[in-house]
Amino acid sequence: MLVLLSRQALLSFYAILIAVIVLLHQALPLWYSAILVVLLLYRWPLQQSSSKVNKLKRINIIAASILLLLLISIKQSGVFHFMIQILLLSATCRLVLIHQRHDSHQLLWVLYFLLACCFIFYQSMLVSLLILALLMFTLYSHYQLYASKQHKIQLLQLGKAILLTLPIWISMFLLFPRLQPLWRIPTAETAVTGLADSLDPGSIENLVQSDKLAFRAIFEDSLPPRQQLYWRAKVYEDFDGRSWTVNQRFERRQPASRQPVNNNVERTLSYQIIAEVSNQRSLFALGMPVQYTSVVRPASAYLVEARRPVSQRLSYQLTSILSAVPEDIALEQRLNSRTVSANPKTKALARELTSKASSTAGLIDQISEMFRQQPYFYSLNPPGLGENSIDAFLFDSRTGFCSHYASATAVLLREAGVPARVVGGYQGGVWHEEQQYLEVRQREAHAWVEYYDNNGWQRFDPTAVIAPERVLAGLDAALSADEQDQLQANWRRLSAFNYLSQQLLHLDYYWSVWVLGFDDNQQHNLWQQLKAAGKLLALLGTLLITVLILWWYLHLQRQPAEFAAPVLLVRRYFGKVLANKPAGQHFSQFIAELKAHNLADANLLGKIDMLYQRAVYADDQQALLQLEQHLKQNASTLARLNWPEKQTSA
Amino acid sequence: MLAQLHQVEQSLNQVILGKQQQIRLSLCCLLAEGHLLLEDLPGLGKTTLAHALANSLGLSYRRVQFTSDLLPADLTGMSIYDVRSQQFHFQPGPVFSQVLLADEINRASPKTQSALLEAMEERQVSTDGETRPLPSPFFVIATQNPLFHAGTSALPESQLDRFLMRLSLGFPDRAAEHKLLVDDSKGSRLQFLTQQLDSDTLKNLQKQVSAVKVSDAVIDYLLSLVDASRNRNDMLPLSPRASKALLRASRAHAMLAGRDFTSADDVQQVFPSVAEHRLDPRSSAASHSLSQILLEQTDCPL
């Protein structure tokens, strides 16, 4: 049947397709998006009978040439993006050619598929809601193609349909196996966030100005004290006199899993981390991690890293021992004893301090004492340092942020002959009591020192000496009022806005825990729980079924019987022959015809007919009983009644 | 009493030959206190049947030949000034009788036709601001020529609805017509008719009709027939008046068949004559196409 599409339907297809193109822009080169838009503009005169419509040949040629271009650029875009591009091409060409209702089928199915593809690129709650809204709109448009014109009823029926399918959605989400992707999903080339591979003086100061979320942590037991919350992310081992970088020259072996050396002594700590998108591999861990979930793997210096750069929110489970990190490779001590001869004053100071101290611990005490006694200041805006940055910091400016102190301490220790390195990561976090999670933002970025002593890398945080508030209460407590203002954007001072964004963050947290975090493990757990609750469920199920049956039975009771008793009797005993009765014929008339075909039983049939008439028309109970008797006695005869086959020639 | 009724039926069958079905239905109609419309080509015995019915039931009857210049007052009567008593006296028209034979009713003007409306439904006549009851029982037996005949004005739906049944006699079969021709030389067929009933007996019979039992199942079937007409758009829907008429006619049919209960067969037998002119006022009485469709397509569970 040829049904033309309404202008409204066309417009909604346009809106959906353009929204999908915008959502999938990561998969599309700019030139390709431009071509799609031009194609769409080509069809803009939205008349069904537009002269431009239906030139199938031309569109085919255009599509083929675009396909060729896409094939040429497949190396850059990758197979997955190529597939999305082809789908978008087909959807666009379909829309350009669309003419009648029948044409919109392919378009709609491709649109549904593309909308599902959007979830590959976006997992945040708000965009997911947007995609869902688009899906609803597509469903609505689809429905409208076939619905009658009453708007309200349509929405109502659509709502009903969605409500009916909701249990299927949920059970699919809960029970469908989480399959590994069939092809590699390419990561988007977006900015890397978080701590970089090199630590320049001033880089952490910049980082803490950002209010962005770094990760969230959920602890299995209670929250450890704040002084323990040193989230290790990067270990900087190379120092060039000015900045620290991650050592990449030595290929470190990566053991599959490390067994805890002395787990009988230390308390282990289990926690889950939901890392935000950083497009880096490095992840966050406390102390020495001993157990990993499969999505992460151990990295050098007892760090943790993801299997590929984190381009989607990543949730992983860790168990750590909050102790000194043992030596990872034999080379490590030597690696971290290298010094650069750029800071002569520091060298002299180190020599002086070593002579006073008897052990490494004593040396640390000396350094702490020095920072505490002498006028050192903690500031977000330290003055610029010259060529010999460590000397300038330790003896002239004496004002710095955590990275300055960490860097200076590490250099000082190395000059004193103690292997030392700078560790970058996050310290502390904001604990949300009600939601039971720790929120760690970029502003919690921190740097501290690890030195080798007692067969392990001991943590030493010089910032804790100069500004203990930073560790105990967070960054804001350690900063002056001016500096706090510097950190807080104007809009964040509005408490209502603050509150709202905080609530949104909490919602986002639940979203990532319950929806994104629902992985194989969780699914397995769910099955286990279902199994454990099997008896209860069976009981509930039986109860439900019983209630349903009861309800059905009562319902049946309440309704009057569809047919009178004699009618039911006759139907039961006459059975198949009765199928030959025309709809409009009454039983007596049929009996009369039946008699003609079954002359032998004519008497019986006559008797039955008479009783039936009295029973059904005169409500004669006596006749009803007799009728039942007669029918019962002659059941076999009645089952053998003849009815001539219909003559096909007639 | 039922025996008398059967005698009436027999003698009618001797006057109108070979039309048992129609005669039974027409008796049905009168027992159900309904008005009867006979539609046929001229010369098929409409007027004879009307006469015979009135005669054998022993009712006073008046016959009015409807013509285009017939006025309402010619039917209902009028007040005439009496010079001697110097007063108006109401001179009752032909409508004041037990049976009114309205011959060729569709030749009269619509104005006159509708003057019959009140008389038929209310069984009373209002003239000069006075309402006068009609005698009881009161029947209108009307005859009409098919609509396509010249000089006819169709009865409006409202008036058709007031006739309980519309019947058509149709041509007699060959044997019946042969007998008719042979007997005709012996004199008028109306000689067979004698008065079989009086008006009191008729009233009793009509009361008995109401006593005929109707089971719920039959009423359900009747309602599904009526409902079926309401869910289609190729016919006019049947009104509750029609369903009442249908039930009454079915009861009368059951009584004529000698039963004290109504069966689905009774409903099916009277349905075409009761329903056809209401389903399609423009149809001819001989066709029962619409009512047949309803009968065939409506499931009869009984």
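Check the entry above for the structure.
Calculation criteria
- Residues numbered from 1 in each chain as written.
- Chains lettered and ligands numbered in written order.
- Predicted model: local features only at pLDDT ≥ 70, side-chain atom pairs only at ≥ 80, totals over all residues.
- Heavy atoms only, no water.
- Pairing = 2+ DSSP bridges.
- Helix = DSSP H or I, 4+ residues; strand = E, 2+ residues; numbered from the N terminus.
- Axes fitted to C-alpha atoms, helices over the stretch in contact; angles between N-to-C directions.
- Buried < 20%, exposed > 50% of the residue type's maximum accessible area, 1.4 Å probe, protein only.
- Contact = heavy atoms within 4.5 Å.
- Buried area = accessible area lost by both parts, 1.4 Å probe.
- Salt bridge = Lys/Arg side-chain N within 4 Å of Asp/Glu carboxyl O.
- Polar contact = N/O pair within 3.5 Å; in protein donor to acceptor, adjacent residues only side chain to side chain.
- Nonpolar A, V, L, I, M, F, W, Y, C, P; charged D, E, K, R; others polar.
- Parallel < 35°, antiparallel > 145°, perpendicular 65-115°, else oblique.

S.K.: I would appreciate a short explanation of the sheet that holds strand β8 (residues 288–292) of chain A in the present structure.
M.R.: Hydrogen bonds between backbone atoms are what pair the strands of a sheet, whose relative direction is either parallel or antiparallel. Residue and element names in this part refer to chain A. In spatial order, the strands read β8-β11-β6-β2-β16-β15; together these six strands make up an open sheet with antiparallel pairing. Every interior strand has two partners, whereas the edge strands, β8 and β15 (430–432), have only one. Pairs of neighbouring strands in the sheet enclose a mean axial angle of 30°, with direction left out of account. Sheet analysis places β8 next to strand β11 (residues 314–321), joined by four bridges and oriented antiparallel. In the sheet register, Gln-291 faces β11, and the bridge partner there is Thr-319.

S.K.: Can you walk me through the pairing of strand β6 (residues 124–127) of chain B in this structure?
M.R.: Every regular strand shows the same layout, with side chains that alternate between the two sheet faces. The side-chain alternation of β6(B) yields one buried face, formed by Val125(B) and Thr127(B), and one unburied face, formed by Gln124(B) and Ser126(B). In sequence, β6(B) turns back onto strand β7 (residues 130–133) of chain B through a hairpin of two residues, with Asp128(B) there showing a positive phi of about 50°.

S.K.: I keep staring at the interface of chain B and chain A and nothing clicks. Help me out?
M.R.: How big an interface is tends to be stated in terms of accessible area lost as the parts join. At the junction of the two partners, chain B supplies 20 residues and chain A supplies 17 residues. Carbon and sulfur atoms supply 54% of the area buried between chain B and chain A, which totals about 1300 Å² over both sides. Of all residues in chain B, the largest losses of buried area upon contact with chain A belong to Phe261(B), Pro301(B) and Leu302(B), amounting jointly to 40% of the total for that side. Linking chain B with chain A are one salt bridge. With its nearest N and O atoms 3.6 Å apart, the salt bridge here joins Lys213(B) to Asp619(A). Our enumeration of links across chain B and chain A arrives at seven residue pairs in polar contact (both at pLDDT 80 or more). Of all elements in the fold, only α9 (216–230), α11 (264–279) and α12 (289–297) of chain B reach the threshold of two or more residues within the side of chain B that touches chain A. Tallied by class, the residues present in the side of chain B that touches chain A amount to 10 nonpolar, five polar and five charged.

S.K.: Sorry if this is basic, but what is going on with the pattern of salt bridges here?
M.R.: Should the charged atoms of two oppositely charged side chains come close, the side chains can pair. Residue and element names in this part refer to chain A. Taken as a whole and assessed by the stated rule, the structure comprises 25 salt bridges over all chains. We note a salt bridge from Arg-216 to Asp-508, for which the minimum N-O separation is 3.7 Å. Pair noted here: Arg-216 is in strand β2 (residues 213–219) and Asp-508 is in helix α18 (residues 495–516), with a separation of 292 residues, a long-range link. The pair formed by Arg-216 and Asp-508 is uniform in burial state, with each residue classed as buried.

S.K.: Please clarify how the packing of helix α2 (residues 20–31) of chain B against α11(B) should be interpreted in this entry.
M.R.: Two quantities define a packed helix pair, namely the angle between the axes and the distance from one axis to the other. All names here are of chain B. One can describe the packing of α2 onto α11 by two numbers: an axis separation of 11 Å at closest approach and a directional angle of 80°. By the angle class used here, α2 and α11 are roughly perpendicular. The segment α2 lies against α11, with Gln-21, Leu-25 and Cys-28 engaging Gln-269, Val-270 and Ser-273. Its residues placed into classes, the contact of α2 with α11 shows three nonpolar, three polar and no charged.

S.K.: Hey, could you run me through the sheet that holds strand β8 (residues 139–144) of chain B in this one?
M.R.: Residues and elements named next belong to chain B. Read across the open sheet, the five strands follow the order β2-β5-β8-β1-β9; overall the sheet is parallel. Either end of the sheet is taken by a strand with one partner, and the two such strands are β2 (61–65) and β9 (163–167). Pairs of neighbouring strands in the sheet enclose a mean axial angle of 15°, with direction left out of account. Judged from the four bridges that link them, strand β5 (residues 99–103) and β8 form a sheet pairing that is parallel. Across the sheet, residue Val-99 finds its bridge partner in β8, namely Phe-139.

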